[in-house]
Structures are given as structure tokens and as C-alpha cells.
Amino acid sequence: MNELIKIMGRRQHKWRILLTVVVLVIVVVGSIWLNVAPFRSGFEITDELGGNIFPSSILSVATTDAQVIVPVDSMYVGNPKSCIAIRIRSGKAYSKVRVEVAETPFFSRSVSEFVLAKPRTQYIIYLDIIWNYEALKNNNQVEPVSVAVTAEMNGKDLGQRVRTFSVRSINECLLGYVTGGTKFHDTGIFFAAYVNEENPMIDKLLREALNTRIVNRFLGYQGSPEAVDKQVYALWNVLQKRNFRYSSVSNTSLSSNVVFSQRVRTFDDALESSQINCVDGSVLFASLLCAINIEPILVRTPGHMFVGYYTDTNHKNMNFLETTMIGDVDLNDFFPDEQLDSTMVGKSQNQMSRIAFDKSKEYANKKYKENEEGIHSGRLNYMFLEISKDVRRKIQPIGK
């Protein structure tokens with residue numbers, strides 16, 4: 001019996017040795033094949049935004065170093081700000097890739113070359129896109145565009161790929177996007193692109209405000225908090241005299257589980273149409289505040305936005321405004337217990353404007369206090385965005 005056990009043990013040992021040898025042979029042969037066999041590869045066109053191109057996000061970072069839309073993969077080459085990329089697997093080490101992008105109405109033809117240092121590794125290559133900035137700026141509705149890309153690696157033609165992208169309207173602000181099905185990336189900073197203190201119409205509005213004699217000059221923070229508040233009221237007053245109408249239209253035609261966006265009128269659009277919603281009014285007013293060197297704040301809560309401003313140069317105190325009250329609204333809707341409309345009888349336009357301004361501050365300051373924790377939490381649908389010098393180094397204003 002003991003002899004039988006020994007024989008069986010020896011056989012099992014031999015089988016283990018044989019199995020080990022076979023595995024080693026497979027590994028060695030496989031390694032040799034991987035290094036000497038012809039490399040077969042294709043590529044695909046890819047992007048982070050589900051096939052959507054947002055002109056506002058491209059224009060606002062065109063002259064800055066900001067990388068708001070981050071690459072989904074750390075193994076990449078090229079400039080991620082181009083938005084359009086290809087996914088490809090390298091051949092040998094230091095494979096040379098040549099990529100050509102065909103012309104479209106929104107960008108010119110371009111040819112670029114890259115070197116992929118690691119062998120047999122999947123890379124994301126961000127293509128060199130020569131954008132037609134005027135075409136992007138003037139795109140007022142969604143436009144499909146076919147992007148055609150040809151590539152070759154180490155002199156071998158990899159063929160052509162074509163993918164249709166959706167070029168969004170200049171009025172669509174990218175709020176955020178999802179990668180991996182679950183990870184949300186907040187891009188609310190793009191709201192700063194619609195704050196346009198450089199718009200040529202600003203000087204005209206400021207002249208109109210000075211003509212009211214509410215203030216003699218715009219001095220920014222060169223005065224008391226009360227002087228700052230007086231300057232802000234002068235801006236409020238001149239906008240009210242332009243007879244803005246409140247418009248609740250804010251949604252976009254974009255329906256996606258990858259990207260989320262908000263319709264925003266540009267400074268020119270808002271002035272031309274004399275229509276604003278909470279977002280339009282906030283970025284419009286923030287533009288004027290920036291122009292007189294008072295730092296504004298865009299505050300977002302679920303389904304709503306209002307504007308704030310610092311009342312001192314040290315940023316210790318803030319006030320907030322409900323900009324929808326600039327338009328033709330019923331103040332009783334905001335303060336149902338005060339019967340404000342009855343107090344307006346016999347008041348001049350300037351007197352009514354001042355009442356609306358003070359009530360706007362009261363209402364917005366209350367909303368800020370009620371939502372303060374969420375506003376500073378970084379949670380979805382909340383935002384506290386200072387239009388500061390630091391933000392301006394990342395996001396530039398867009399215009400028409």
C-alpha cells in the first residue's frame with residue numbers, strides 16, 4: 001500500500017513538472033509572437049461629451065491654459081482642449097502616428113504627427129483642430145457635422161473613420177458631464193463665459209446710468225459699502241428703464257445622460273430682445289458689475305440663479321440681488337403678505353425702481369441664507385462662482 005502511494009506521488013510530481021514546462025513554453029512563445037508578429041490595429045473617434053461640441057466652452061478657453069474638460073484616460077497625447085480625439089493602440093515602442101482631419105464648416109483641414117512611446121498600449125490622441133471661431137460664435141442652433149479622420153502608424157495606412165458630432169448653440173452652457181456612467185464632472189465655471197464686461201454696449205449703459213445722476217462716477221471700491229451699493233443701484237435703475245420682460249425659457253433641446261447644459265442669452269441677445277430669465281439677468285448684471293470693478297458672484301440653487309457682489313475690497317461682506325425683479329414682475333408674487341403693489345400708487349419711476357431694488361436685495365439675501373450650506377457644498381445644482389481675476393485667467397468672456 002505504501003509503495004502504491006509512492007508511485008502515485010511520483011506520477012503527480014511528473015505531471016506537475018510537465019504542466020509547468022508547458023506553461024513556460026506558452027509564455028515564451030507568446031512573448032516572441034507579440035514582439036515579432038505583424039501588428040494589427042484600427043482606431044476609433046472618441047470624445048468626453050457624447051458626441052457634442054459646445055462652442056461656448058471652446059471659445060472661452062481658447063486663449064487660456066485652463067483644462068476644464070479633463071481626459072478620461074491618463075494615457076493620452078495632444079491637447080485635450082481640442083475636444084475631438086481618436087482611441088488607438090500603439091505598435092512597437094515609439095510608434096509614429098500621422099493623423100489627418102478633413103475640413104468642416106467649423107474647422108479647417110489639419111495634419112498632425114505624434115509619437116507613442118510605450119509599445120502595444122492604448123492611447124487617446126487629441127487631434128489638432130484649427131477651429132473657425134467666427135463660425136462657432138455665430139452658431140445659434142444645433143448643427144450636425146461629420147468629422148472624417150484618416151490615420152497611419154509607422155507608415156501603414158489604418159483607413160478612415162467618420163463620426164457625426166452635434167455642434168451646440170453658442171447659447172448653451174455646459175453645466176457638467178458624466179464619465180464611466182457614474183462620475184459627474186462639474187463645469188459650472190463656464191457660466192463665467194457669459195459674463196462679458198468687454199461688450200461694446202457696456203459704455204453706453206454706463207453713460208445712461210450716469211445721466212440718472214444717482215452717482216456722478218463709478219469708483220468701484222473707492223468708497224464706503226454704501227457708496228458701492230449706490231453704484232449697484234444706478235445699474236439696476238438703468239436696466240429697469242429698458243423695460244425688460246421676464247422670460248422663463250431656459251432649457252435646451254439637448255437630452256442626454258452624458259452631458260447637461262443650460263440655455264443662456266449672451267449680453268447682446270439679452271439687450272436686443274429685452275428678455276431675461278434668472279440666469280440671463282444674473283450674467284447681464286454681473287457683466288456691468290465687472291465693468292465698474294465690483295466683483296460679482298453667480299449663485300446657483302436647484303432650478304434658480306441670482307447674482308451677488310462684494311461690498312468691500314476685502315470681500316468680507318456681500319449683498320445679493322434677485323435679477324428677475326428687473327423685469328415687469330408682480331412684487332406681490334415675491335412678498336405675498338405685504339401687498340406691495342398698493343404702495344406703488346403715485347410713486348415715480350425712480351421711486352418704484354428703488355423699492356424694487358431694496359426688495360430684490362431682501363429676497364435674494366434671504367434665499368442665500370436659506371441655501372447657504374448647499375451653495376458652498378459643491379453638490380450638484382449648487383454653485384458659488386466669483387468672477388474673480390483667477391477665474392478670468394481660466395475663462396474668457398464670449399461675445400458676438
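Quick look at the structure, then. Computed from a prediction, not measured in an experiment: that's the story for all the values here.

### Notes on the pattern of salt bridges
A full pass over the atoms with the stated rule returns 16 salt bridges. A salt bridge links Lys 204 to Glu 208; its shortest N-O distance comes to 2.8 Å. Here Glu 208 and Lys 204 lie together in helix α4 (residues 201-211), a separation of four residues that amounts to about one turn. Residue classification places Lys 204 among the partly exposed residues on the basis of a relative accessible area of 44%. With a closest N to O distance of 3.1 Å, Glu 362 and Lys 359 form a salt bridge. Placement of the pair is Glu 362 and Lys 359 together in helix α9 (residues 349-375), with a separation of three residues, close to one helical turn. Accessibility expressed as a relative area gives 14% for Lys 359, which makes it buried. The structure contains a network of salt bridges with shared partners spanning Arg 98, Glu 100 and Arg 109.

### Considering the sheet that holds strand β18 (residues 304-310)
What the four strands build is an open sheet, ordered β19-β18-β17-β20; its pairing is antiparallel. Sheet topology places β19 (318-321) and β20 (383-386) at the edges, where each strand pairs with a single neighbour. Neighbouring strand axes in the sheet, compared pairwise and without regard to direction, differ in orientation by 25° on average. Pairing of strand β17 (residues 296-301) with β18 involves six bridges; the strand directions are antiparallel. Considered in β18, the bridge of Leu 298 is made with Val 307. The sheet contacts of helix α5 (residues 225-240) involve β18 and β19, and relative to β18 the element is tilted by about 140°. Of the strands in this sheet, β17, β18 and β19 are in contact with helix α7 (residues 278-291), which crosses β18 at around 15°.

### As for the packing of aromatic side chains
Considering all chains together, one arrives at eight aromatic pairs under this definition. Positioned above the aromatic ring of Tyr 233, the side-chain terminus of Arg 354 is 4.7 Å from the ring centre.

Rules behind the numbers
Here the residue numbering is sequential within each chain, running from 1 through the sequence in written order. Whole-chain, interface and lining totals are the exception, using all residues; otherwise, since this is a predicted model, local features are given only for residues with pLDDT of at least 70 and side-chain atom pairs are given and counted only at 80 or more. Excluding hydrogens and water, the side-chain values take into account all heavy atoms of the structure. Just to be clear on terms, a salt bridge is a Lys or Arg side-chain nitrogen sitting within 4 Å of an Asp or Glu carboxyl oxygen. The numbering of helices and of strands both runs from the N terminus, where a helix is a DSSP run of H or I of at least 4 residues and a strand a run of E of at least 2. Relative accessibility thresholds used throughout: buried, under 20% of the residue-type maximum; exposed, over 50%; partly exposed, between the two (1.4 Å probe, protein chains only). Two strands are said to pair when DSSP picks up at least two bridges between them. In this analysis an axis means a line fitted to C-alpha atoms, helices contributing only their contacting stretch, and an angle means the value between N-to-C directions, from 0 to 180 degrees. Residue contacts are counted whenever heavy atoms from the two residues lie within 4.5 Å of one another. To pair, rings of Phe, Tyr and Trp, with the six-membered ring standing in for Trp, must have centres within 6.5 Å; the planes then decide the type, stacked if under 30 degrees apart, edge-to-face if over 60, and tilted in the middle. Comment: the charge-over-ring label is applied if NZ (Lys) or CZ (Arg) is within 6 Å of the ring centre and within 35 degrees of the ring normal.

The quantities given are spatial measurements derived from coordinates; they are silent on function.
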